[in-house]
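# Summary of the model geometry
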Amino acid sequence: MRTQIVIIGAGPAGLLLGRLLDNHGIETVILERRSRDHVLGRIRAGVLEQGTIELLERAGVAQRLRREGLVHDGVEIGFDGERHRFDFKALIGRTVTVYGQTEVTHDLMDARDASAARTVYEAEDVSLQGFDGTSPVVRYVKDGVGHAIGCDFIAGCDGFHGVSRASVPPQAMKTFERVYPFGWLGVLVERPPVSDELIYSNHESGFALCSMRSPTRSRYYVQVPAGEKVEDWPDDRFWEELRRRLDREASQLLQTGPSIEKSIAPLRSFVAEPLRFGRLFLAGDAAHIVPPTGAKGLNLAASDVGMLADALIEFYEEGSHAGMDRYSSRALARVWDAERFSWWMTSILHRLPETDAFGRRIQRAEFDRLRRSVSAASAFAESYTGIFSG
Ligand code: RFL
Ligand code: PHB
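In short, a report on the structure. (Residues numbered from 1 in each chain as written. Chains lettered and ligands numbered in written order. Predicted model: local features only at pLDDT ≥ 70, side-chain atom pairs only at ≥ 80, totals over all residues. Heavy atoms only, no water.)

### Examining the overall build of the protein chain
Of the regular secondary structure elements, the protein chain holds twelve helices and 20 strands. Here the C-alpha atoms of the protein chain give a radius of gyration of 21 Å, agreeing with the 21 Å that 2.2 N^0.38 yields for 390 residues. Along the three orthogonal principal directions, the C-alpha set of the protein chain runs to about 60 × 40 × 40 Å. Per-residue burial for the protein chain yields a buried fraction of 55% across its 390 residues. Sequence-distant contacts, at least 24 apart, represent 72% of the contacts inside the protein chain between residues at least 6 apart. (Helix = DSSP H or I, 4+ residues; strand = E, 2+ residues; numbered from the N terminus. Rg over C-alpha atoms; globule rule 2.2 N^0.38 Å. Buried < 20%, exposed > 50% of the residue type's maximum accessible area, 1.4 Å probe, protein only. Contact = heavy atoms within 4.5 Å.)

Set out below in structure tokens:
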């Protein structure tokens, strides 16, 4: 069989790329290792930048997002019981929208199902060949039967543990990494959120975050040491720890209940360079990871595939290679800006090994500067809302 582009991975990056290309009559096949239900069951990101929303609009999948997305004008940051609100709208005239990654994925899957485009779920043993030449081939096994697809290009959208990046010869790639000695324990609960906006909290015992999925469903996180097990965190222990890390008002307003999902995500910063190897392009978590503190992962995945779709459309419609040649450097400029911001926000809000008495005073000084300086607060607002487009 043959197609124009094989996309590996049906996460938000792969599905959005498929949709943007489909809208221009470019044929794609998506190969996904997991089942559809498994992909939809993963609870991940919650905050969308304006640029991501514009891209979802362009893809024609933003109707439900427009209806159900919660527009937030700002966020709050707490430090040792004090809280400060950063009003993005007043500072720089921008907002963010809270709409779960699960919902984005759902909308993209529905749109793909309604089109003629092919998606193969539970595709095993996916392997990539010949992308350094002119005729790449992707092989996979489905229900015990081997298949091969010849194509013009391969898009590696298969996340951090995928096969695409691993298929590149190590000498052709440079990687940059920082692994943090802690993770985020997240809980989803069918209770109204503690506040209308997100609260990021720095407490002596560690970081906490109050987020949400809807006016009746909340998402909370606490920093836990690396290697911690979900089984060691019964709901009562989680709520007690979260309460401890919030200011008095928030901890009083917190409505607890039985968790409907609970998981631990490790924190990591990672970038692979470049993002193109002949006829293979990497996008999203396959190429880079940010710690979730800056809410950038999904937004970066979206901006990567927006740029990649433009480049591929330019190739098929105008015969020009220019966009494809520029893709890696264009996308990486935005990636590194988000890496910087996510690393910085992580380092000022978490308890790190270097957070001794000096480190804690520095964190406090960062918080005070953000509170007192309009230019510092505006720079924070620009980075959080994603004004930088590369
Ligand atoms: P994904 O979502 O990991 O999808 C990759 C897909 O590829 C499949 N796959 C394979 N398919 C075929 N063959 C193989 N060999 C394969 N190997 C893997 C996988 O099954 C999967 O379906 O990557 P993508 O599309 O690049 O999307 C990236 C985002 O998922 C990620 O960046 C965000 O979730 C990060 N993130 C957040 N980002 C935000 O923008 N805002 C947030 O508020 C935010 N919060 C978060 C987050 C991530 C978190 N975790 C769990 C890491 C909060 C958390 C807790
Ligand atoms: C979430 O709602 O899951 C969420 C929100 C903000 C973050 C990370 C995760 O920075």
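Here the narrative resumes.
### A short note on the site of ligand 1
The immediate surroundings of ligand 1 are formed by 33 residues, with Glu-32, Arg-42, Gln-101, Asp-285 and Leu-298 found nearest. Between ligand 1 and Ala-13, the relevant distance is 2.9 Å, taken from an oxygen atom to a main-chain nitrogen or oxygen of the residue. Here ligand 1 loses 89% of its free accessible area of 1,000 Å² to cover by the protein chains. For the shell around ligand 1, the element with the highest residue contribution is helix 9 (residues 297-318), accounting for four residues. Here the residues of the shell around ligand 1 sort into 16 nonpolar, nine polar and eight charged. (Near = heavy atom within 4 Å. Polar contact = N/O pair within 3.5 Å; in protein donor to acceptor, adjacent residues only side chain to side chain. Areas by Shrake-Rupley, 256 points an atom, 1.4 Å probe, with all protein chains shown as cover. Nonpolar A, V, L, I, M, F, W, Y, C, P; charged D, E, K, R; others polar.)

### Regarding the pattern of salt bridges
Opposite charge on two side chains makes pairing possible when the charged atoms of those side chains draw close. The final tally for this structure, using the stated rule, is 29 salt bridges. Here Asp-110 and Arg-36 are joined by a salt bridge, their closest N and O atoms 3.5 Å apart. On the criterion of sequence distance, the pair formed by Asp-110 in helix 6 (residues 101-113) and Arg-36 in helix 2 (residues 36-41) is long-range, its members being 74 residues apart. For Arg-36, a relative accessible area of 21% puts it in the partly exposed group. Of the charged contacts in the structure, one is a salt bridge between Glu-190 and Arg-217, with a shortest N-O distance of 2.7 Å. With a gap of 27 residues between them, Glu-190 in the loop between strand 13 (174-189) and strand 14 (199-203) and Arg-217 in strand 16 (residues 217-225) connect regions that are remote in the sequence. (Salt bridge = Lys/Arg side-chain N within 4 Å of Asp/Glu carboxyl O.)

### Thoughts on the sheet that holds strand 11 (residues 145-150)
Strand order in the open sheet formed by three strands is 9-10-11, and the pairing between neighbours is antiparallel. Unpaired on one side and paired on the other, strand 9 (124-129) and strand 11 mark the two borders of the sheet. The average angle at which neighbouring strand axes cross in this sheet is 15 degrees, direction not considered. Here six bridges tie strand 10 (residues 137-142) to strand 11, and the two strands are oriented antiparallel to one another. Looking at strand 11, one finds that Arg-139 is bridged to Ala-148. (Pairing = 2+ DSSP bridges. Axes fitted to C-alpha atoms, helices over the stretch in contact; angles between N-to-C directions.)

### As for helix 1 (residues 12-22)
For helix 1, a buried count of ten out of eleven residues is recorded, marking the element as mostly surrounded by other parts of the structure. Buried residues of helix 1: Pro-12, Ala-13, Gly-14, Leu-15, Leu-16, Leu-17, Gly-18, Arg-19, Leu-20 and Leu-21, and no others. Residues of helix 1 that are buried sit in contact with strand 1 (5-8), strand 2 (28-31), helix 3 (50-58), helix 6, strand 12 (153-156) and helix 9.

Taken by themselves, the reported measurements are silent on function.
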